[in-house]
Amino acid sequence: MGSARTRVWIAGRGLIADVPTVAFPGTGAVYPIQRGTIIDTPGCARMLERLLGHRLPRIIRPLVVVTSPVLGGVAYRSAARTAVQALRPRSVLTVPSARAVAQAAGADLSRPLLVIDIGAHLTEVVLLSDGAVVDARRTALGTSDLTATTPAQISEAVVTMVTAMLRQDRTTLTVDALHTDVLLAGGGVLRPEITYQLTGRLQAPLRIVSAPHTAAVRGAAQLLQAAHAHPSTNSCAPPHTH
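Residues numbered from 1 in each chain as written. Predicted model: local features only at pLDDT ≥ 70, side-chain atom pairs only at ≥ 80, totals over all residues. Heavy atoms only, no water.

Caption draft 1: Structural view of the overall build of the protein. Looking only at helices and strands, one finds seven helices and eleven strands in the protein. Taken over the C-alpha trace, the protein has a radius of gyration of 18 Å; the compact-globule value for 242 residues is 18 Å, and the two agree within 12%. Counting only C-alpha atoms, the protein reaches 55 × 45 × 30 Å along its principal axes. The buried share among the 242 residues of the protein stands at 51%. Expressed as a percentage of contacts within the protein between residues at least 6 apart in sequence, the contacts between residues at least 24 apart total 64%. (Helix = DSSP H or I, 4+ residues; strand = E, 2+ residues; numbered from the N terminus. Rg over C-alpha atoms; globule rule 2.2 N^0.38 Å. Buried < 20%, exposed > 50% of the residue type's maximum accessible area, 1.4 Å probe, protein only. Contact = heavy atoms within 4.5 Å.)

Caption draft 2: Local environment of empty space enclosed by the protein. Inspection of the entire model under this criterion finds one cavity of 30 Å³ or more. When its volume is computed, the largest cavity comes out at roughly 60 Å³. Lining the largest cavity are Glu49, Leu52, Gly53, Leu56, Pro57, Arg58, Ile60, Arg61, Pro62, Ala86, Leu87 and Arg88. (1 Å grid on protein atoms, 1.4 Å probe; cavity = no way out; pocket = protein on both sides within 12 Å on 5 of 7 lines; lining within 4 Å. Points joined across faces, edges and corners; volume = space filled by probe spheres on them.)

Caption draft 3: Region of interest: the pairing of strand E2 (residues 14-20). By the bridge criterion, six bridges tie strand E1 (residues 5-10) to E2 in an arrangement that is antiparallel. Opposite arginine 7, over in E2, you have aspartate 18 as the bridge partner. (Pairing = 2+ DSSP bridges.)

Caption draft 4: Seen up close, unusual backbone geometry. Of note, glutamine 203 is a non-glycine position whose phi angle comes to about 50°, a positive value. The residue glutamine 203 is located in the loop between helix H6 (192-202) and strand E11 (206-208) in this model. Here glutamine 203 falls in the exposed class, since its relative accessible area comes to 66%. The phi angle at alanine 211 is positive, at roughly 45°, despite the residue not being glycine. The exposure class of alanine 211 is partly exposed, given its relative accessible area of 32%.

Caption draft 5: Examining the confidence of the model for the protein more closely. Chain-level pLDDT for the protein is 91 on average; 95% of the residues reach the 70-or-more range. Of the regions scoring below 50 in pLDDT, residues 233-242 engages in 30 contacts with residues more than four places distant in sequence or in other chains. (pLDDT = per-residue confidence, 0-100.)

Caption draft 6: Spatial organisation of the pairing of strand E6 (residues 91-96). Within E6, six of the six residues are buried, which leaves the element mostly enclosed by the surrounding structure. Alternating residues of E6 divide into Ser91, Leu93 and Val95 and Val92, Thr94 and Pro96, and every residue in both groups is buried. Pairing between strand E5 (residues 63-68) and E6: six bridges, direction parallel. Following the sheet pairing, valine 65 is matched in E6 by leucine 93. Once you follow E5 into helix H2 (residues 73-84) and on to E6, the crossover reads as right-handed. (Right-handed = clockwise from strand over helix to strand, strands pointing away.)

Caption draft 7: Examining the environment of threonine 180 more closely. The topology assignment puts threonine 180 in helix H5 (residues 173-180). C-alpha of threonine 180 to C-alpha of valine 70: the two residues are 110 residues apart in sequence and 22 Å apart in space. Ignoring sequence-local partners within four residues, the contact set of threonine 180 consists of Arg111 and Pro112. At 2.8 Å, the side chain of threonine 180 and the backbone oxygen of aspartate 176 are in polar contact. (Polar contact = N/O pair within 3.5 Å; in protein donor to acceptor, adjacent residues only side chain to side chain.)

Caption draft 8: Just the pattern of salt bridges, in detail. Inspection of every chain in the model, using the stated rule, returns nine salt bridges. Across the pair arginine 5 and aspartate 18 runs a salt bridge, and its minimum N-O distance is 2.7 Å. Linking arginine 5 in strand E1 with aspartate 18 in strand E2, this pair joins segments that are 13 residues apart in sequence. With a closest N to O distance of 3.2 Å, arginine 191 and glutamate 193 form a salt bridge. Several salt bridges converge on common partners, so that one network encompasses Arg5, Arg7 and Asp18. (Salt bridge = Lys/Arg side-chain N within 4 Å of Asp/Glu carboxyl O.)

Caption draft 9: Geometry of the packing of helix H4 (residues 151-168) against H6. One can describe the packing of H4 onto H6 by two numbers: an axis separation of 9 Å at closest approach and a directional angle of 40°. It follows from the interaxial angle that H4 and H6 lie oblique. Handedness of the crossing formed by H4 with H6: right-handed. Contact with H4, carried on its side by Pro151, Ala152, Ile154, Ser155, Glu156, Val158, Val159 and Val162, involves Glu193, Ile194, Gln197, Leu198, Arg201 and Leu202 of H6 and no other residues of that element. Here the contact of H4 with H6 is built from residues that sort into nine nonpolar, two polar and three charged. (Axes fitted to C-alpha atoms, helices over the stretch in contact; angles between N-to-C directions. Parallel < 35°, antiparallel > 145°, perpendicular 65-115°, else oblique. Left-handed = near helix turned anticlockwise from the far one by under 90°. Nonpolar A, V, L, I, M, F, W, Y, C, P; charged D, E, K, R; others polar.)

Quick look at the structure:
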């Protein structure tokens, strides 16, 4: 559930929804997620019910995996889990979007990894080590802001976040990640003017994830498949940073 779009993947069917994140309470359109923050949990629940209520069998309670912004914190995860209750799940697992992106990219999670996720309303830079979040930064900028800002300014914001990571890192993890694997994901990566700016500014090997705008939901689908293969994980959610 992103600020601009919500994407849904159902096991065995693939991507079945890629729609604007919007609810219709009867008084017009309401946008329940803004800048990576759920501001209207009932609105999210109504949206999910409208999208999926008729697609899921009533006799089987589904296992649901929800990706969330890394810096959304407990508040986002709690609100997301509450909204998903509209689908009568038997369990809800939350996973950081950056971890899902790395999963979709087939990245080597045993090595330090930097994920740059440029969305419509939010951009995150996340450092992973052994699949866990080590550091994360965000800025409330994205492709929806390009009428008031420029691709160069979005790229500059990313470079500023990476530079802050480098300065505060007392290990070699950030440097190692920059030298080995930097993943670019999110709909913003489909804008060549943004990736061009980033390539020139970061001076690091950048890898654009296949279909970057759907990478998070595809990674979540892989994690869902793994959870189905290990039923013992279905009864409780894993730590958010794994």
